[in-house]
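# Observations on the model geometry
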Amino acid sequence: MRRVAITGMGAISALGRSVPEFAAALCQGRSGIGPIESTDRSQLRFQNGAEVHGYSHRPYFEDRRADFMDRFAQFAVIAAREAVAGAGIEWTPELRETAAIITGSCVGGQSTEDIGFQEVYKFSHNRVHPLTIPKTMANAGASHISMEFGITGPSFTISTACSSAAHAIGQACWMIRSGFTDLAITGGSEAPFSFGILKAWEAMRVVSPDTCRPFSKDRRGMILGEGAAIFVLEPLEKAQARGARIHAELVGFGMSADACHITQPSAEGAARAMRAALRDAQLAPEQIGYINAHGTATPANDATESAAIRAVFGAHADRLAVSSTKSMHGHGLGAAAAFECLAATLALREGVLPPTANFTEPDPDCDLDVIPNQARRAEVEYALSNSFAFGGLNAVLALRKA
Amino acid sequence: MPDDMTERVLKVIATSKRIPLEQVTIDSEFLQLGIDSMDAVEILFALENEFDISIPDDEVRHVRNVRQMVEGVKKLVAAKSAGAAEAPADTAASQ
């Protein structure tokens, strides 16, 4: 079994258009949440989101290429470029043929679909743009990454709602570990700010009317986010041999299904996923120093997740630092776990644990050390990144400081 | 006998939850009827359509039984008719 190194990272999100900008915002506890700009919000009950501010494809893609890409696929390629450049990959024909691409996305290009369907349903135009299908498909992110770098190896997309990117990264990790491939590009991307999608979220009554306050007593729901985070994974030994910078090691991946309810979380299912990740990493609970929580800021998730953490870690739960960075980058759905794996990697690498921003008041149902509002200096050796999706499909990643 | 508006609310609950109308009374607790949070969200959606009202999240956070739901709906319907009397042109805004 081979050890797995993260050698490249890229990100575009409400916190900025590169990993250094993302890292700086987390350290400052600065939230990227603000009034939604890309969609008319006059008929929306909620007003705020975590968008990539002022985004245009222009600095990144020629117009004709962008015509073929929904915003979510553009984000995937932009983050992949940063990750691959940072990793300093030297492409050979063999590497291009064997490298894997595994992306996560929840809604794919539904924004494109939403606009296309307005044409027929609302404007009675009786025709939809011919690129609607190739722009909408959730695998378009992986496909455009493959075309960007000429990668012809195994490439696919995983869609498990809010766990998508964790399932993708975990799968990529196992493919490196098992010797199936020597290079994997993995992560998640999402762009859900389209009127129809926002109305569907509004109807669920889980979106906060103000901001995202995970674990806070007055939390009122999630805030949607967008963007992408992409990683380059390699076998640790090979990465060291070529002198690559190792940001962190991926040491474990655990999954579970709640088999319970299509939207309500289960502490039992979440706990089983955390235990599975610890088992896969061959770690004792006491070795974990930081958890990047799923922490959506819905009343149900945060209380359930807190109970699950207590169930898994027992007394050690009082010595653990836990934070939800969704308070800053928003809930990126299929990209969420990628943002959070990045936040956990940066926490280990920099020795700075990101805070739970927008925190106002402790909740007895979430009695954990949630790093309220201020980042904290702490050298941590092992961290977990939790993802618990609608549909009860859970995925947890375990990371080790490089 | 329940009034007409109460009857309509009971019917919406029974139809959404797909339970016999006889099971739903003004005194029913959601817990008794097996109504969880997602069921409640669906019922709110059906009530908004039935009464042509918009039910804000804040109004529903602490609603736990049928009586509270009926009272909430009556309040919003009354506010709507008062608003319509003052400004008849505004009624379509919530559609």
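Criteria and cut-off values
- Residues numbered from 1 in each chain as written.
- Chains lettered and ligands numbered in written order.
- Predicted model: local features only at pLDDT ≥ 70, side-chain atom pairs only at ≥ 80, totals over all residues.
- Contact = placed C-beta atoms within 7 Å.
- Helix = DSSP H or I, 4+ residues; strand = E, 2+ residues; numbered from the N terminus.
- Buried ≥ 20, exposed ≤ 12 C-beta atoms within 10 Å, placed from the backbone.
- Pairing = 2+ DSSP bridges.
- Axes fitted to C-alpha atoms, helices over the stretch in contact; angles between N-to-C directions.
- Arc of directions from axis to C-beta.
- pLDDT = per-residue confidence, 0-100.

Right, let's talk about the interface of chain B and chain A for a bit. The interface is formed by six residues belonging to chain B together with seven residues belonging to chain A. In terms of residue count, the dominant contributor to the side of chain B that touches chain A is helix α3 (residues 37–51) of chain B (four residues).

Next up on the list: the environment of Ala 76 of chain A. Residue and element names in this part refer to chain A. Examined against the element boundaries, Ala 76 turns out to sit in helix α3 (residues 71–87). Along the primary structure Ala 76 and Gly 141 are separated by 65 residues, whereas in three dimensions their C-alpha atoms are 5.5 Å apart. Apart from residues lying up to four places away in sequence, Ala 76 is in contact with Thr 103, Gly 141, His 144, Ile 145, Ser 189, Ala 228 and Ile 230.

Glancing now at the pairing of strand β13 (residues 382–388) of chain A. All names here are of chain A. Judged by how many residues are buried, β13 sits mostly within the fold: seven of seven residues are covered. Here β13 shows no split at all, with Tyr 382, Leu 384, Asn 386 and Phe 388 on one side and Ala 383, Ser 385 and Ser 387 on the other all buried. The sheet contact formed by strand β9 (residues 288–292) and β13 spans four bridges and is parallel. Its bridge partner being in β13, Asn 292 is matched across the sheet by Ser 385. Across seven bridges, the pairing between β13 and strand β14 (residues 393–401) is antiparallel. Residue Phe 388 lies in a different strand from β14, and its bridge partner there is Asn 394. Remark: four residues form the turn of the hairpin made by β13 and β14, two consecutive strands paired antiparallel; Gly 391 in that turn has positive phi of roughly 95°.

This paragraph deals with the sheet that holds strand β1 (residues 4–13) of chain A. The pairing of strands in a sheet happens through backbone hydrogen bonds and is either parallel or antiparallel. All names here are of chain A. Taken in spatial order, the 10 strands line up as β5-β4-β6-β7-β1-β8-β14-β13-β9-β10 in an open sheet, and their pairing is mixed. If you trace the sheet from one side to the other, it starts and ends with β5 (155–158) and β10 (321–323), each paired once. Direction aside, neighbouring strands of the sheet carry axes that sit 25° apart on average. This element, α3, spans β1, β4 (100–104), β6 (184–190) and β7 (227–235) of the sheet and lies at about 135° to β1.

Residues and elements named next belong to chain A. Listed as buried for helix α1 (residues 19–28) are Val 19, Phe 22, Ala 23, Ala 25 and Leu 26. Looking straight down α1, one finds its buried side chains confined to an arc of 165°; they lie on one side. In this structure, the buried side of α1 is in contact with β1, α3, α13 (326–329) and α14 (336–350). Positive backbone phi, approximately 65°, marks Gly 29, located one or two places after α1.

Attention now moves to helix α7 (residues 140–149) of chain A. All names here are of chain A. Three or more residues of α7 are buried, namely Ala 140, Gly 141, Ala 142, Ser 143, His 144 and Ile 145. On its buried side, α7 packs onto α3, β4, α6 (132–136), β5 and β6. Looking one or two places after α7, you find Gly 150, whose phi comes out positive at around 65°.

With that settled, the discussion passes to the confidence of the model for chain B. Residues and elements named next belong to chain B. Of all residues in chain B, 88% have pLDDT values of 70 or greater, and the mean over the chain is 89. Within chain B, helix α4 (residues 57–60) has the poorest average pLDDT of any element, 87, and helix α1 (residues 4–17) the best, 97. In the model, residues 89–95 has pLDDT below 50 throughout and makes four contacts with residues more than four positions away in sequence or in other chains. Note on the complex model: pTM 0.94, ipTM 0.83.

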